[in-house]
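Coordinate analysis (summary)
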Amino acid sequence: MKRLFMTISMAVLLIAGGHCAFAAKGKNIKIDTIRFAKADTTANVEIFVHWPVKGDKAVVDSLQKFIGSLVDCNFSDAKSIKDYGESLFESLSIDWHSTFDEMPPDERLGALERTYSIIKLYETKRYVTYHYTTFEYGGGMHGYTTEVGFTFRKSDGKQIKLLENTDSPELAQLIKEGIKSFFAGSPDKTMTDEEVLEYLFAEDVDDLANIPLPFNAPYLSDTGVVFLYTQYEIAPYSSGIITFEVPFAKISPFLTQEAKAMIQ
């Protein structure tokens, strides 16, 4: 349980009563904070959701439908989310028993695990960004974490294309710089191309000029565009989830007109 709540604790502000509104001009989306947690020696399930309940109807409806699609379930309220948690826990526990009941205790693996964090990360007058994190452990050496962000236009609830001219060498250079800054760990530190190669699947320095964009689309923070590479996408498991932000001033030449309109 600590893993999930530590992941989101720096990104959200919880207000007594389960409601939360992020600072932004204009009409904000209000959310209910919904938690579910259940664990024993066979299974562990944790769910943390910022469920939108009030705001412009188009974006609230879009977000509610989207949140349900993330876990392939038609959520409608707090009860439906908690019912899903109970059902998932029961399913994982059954799977654990069917696999490990006949094995000696010292050969059994730990509890099967599934956690979800679906939070409102940023909100401005024109857009809102949600962040989705999952952790799954189904046996083996380690579990698998997935993170991705999604930005919605508040006027109509749509996810719009953020980038254009994506084959530009200048954009490739920004991607390369962002990856290097991630591994350096601080804007004040630098890394050589040869040093960053140790963390990636790339074989030589020339490959660093052609790193593909992440499989999942980037998302907007309140100050820039965030790129996120999932585990194994361009680097081994040990490199973790590679995330970096390119400020609006630098990424502006590669933003679509719709994206530029949202950040003005």
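The structure displayed is predicted, hence computed values, not measured ones. (Residues numbered from 1 in each chain as written. Predicted model: local features only at pLDDT ≥ 70, side-chain atom pairs only at ≥ 80, totals over all residues. Heavy atoms only, no water.)

1. Describing the overall build of the protein chain
Helix and strand counts for the protein chain come out as 7 helices and 9 strands. Classification of the 264 residues of the protein chain by burial places 47% in the buried group. Here the protein chain has roughly 13,900 Å² of accessible surface; of this, 52% comes from carbon and sulfur atoms. (Helix = DSSP H or I, 4+ residues; strand = E, 2+ residues; numbered from the N terminus. Buried < 20%, exposed > 50% of the residue type's maximum accessible area, 1.4 Å probe, protein only. Areas by Shrake-Rupley, 256 points an atom, 1.4 Å probe, with all protein chains shown as cover.)

2. Considering the packing of aromatic side chains
What the rule picks out here adds up to 11 aromatic pairs. Ring geometry for Phe182 versus Phe183: centroids 5.0 Å apart, planes at 80°, classification edge-to-face. Judged by its relative accessible area of 15%, Phe183 falls in the buried class. Note on Phe183 and Tyr199: the rings are 4.5 Å apart at their centroids and 20° apart in plane angle, and the pair reads as stacked. (Phe/Tyr/Trp six-rings, centres within 6.5 Å; stacked < 30°, edge-to-face > 60°.)

3. Looking at the side chain of Thr145
Here Thr145 is to be found in strand S6 (residues 144–153). Apart from the residues lying within four places of it in its own chain, the contact partners of Thr145 are Thr133, Thr134, Phe135, Gln231 and Ile241. (Contact = heavy atoms within 4.5 Å.)

4. Some thoughts on a nonpolar patch on the surface
A cluster of nonpolar side chains, contributed by Tyr144, Phe201 and Tyr232, occupies part of the molecular surface with about 310 Å² of accessible area. Note that Tyr144 resides in strand S6. Assessed through its relative accessible area of 33%, Tyr144 is described here as partly exposed. (Patch = residues over 30% accessible without salt bridge, like charges linked within 9 Å, V, L, I, M, F, W, Y side chains within 5 Å. Salt bridge = Lys/Arg side-chain N within 4 Å of Asp/Glu carboxyl O.)

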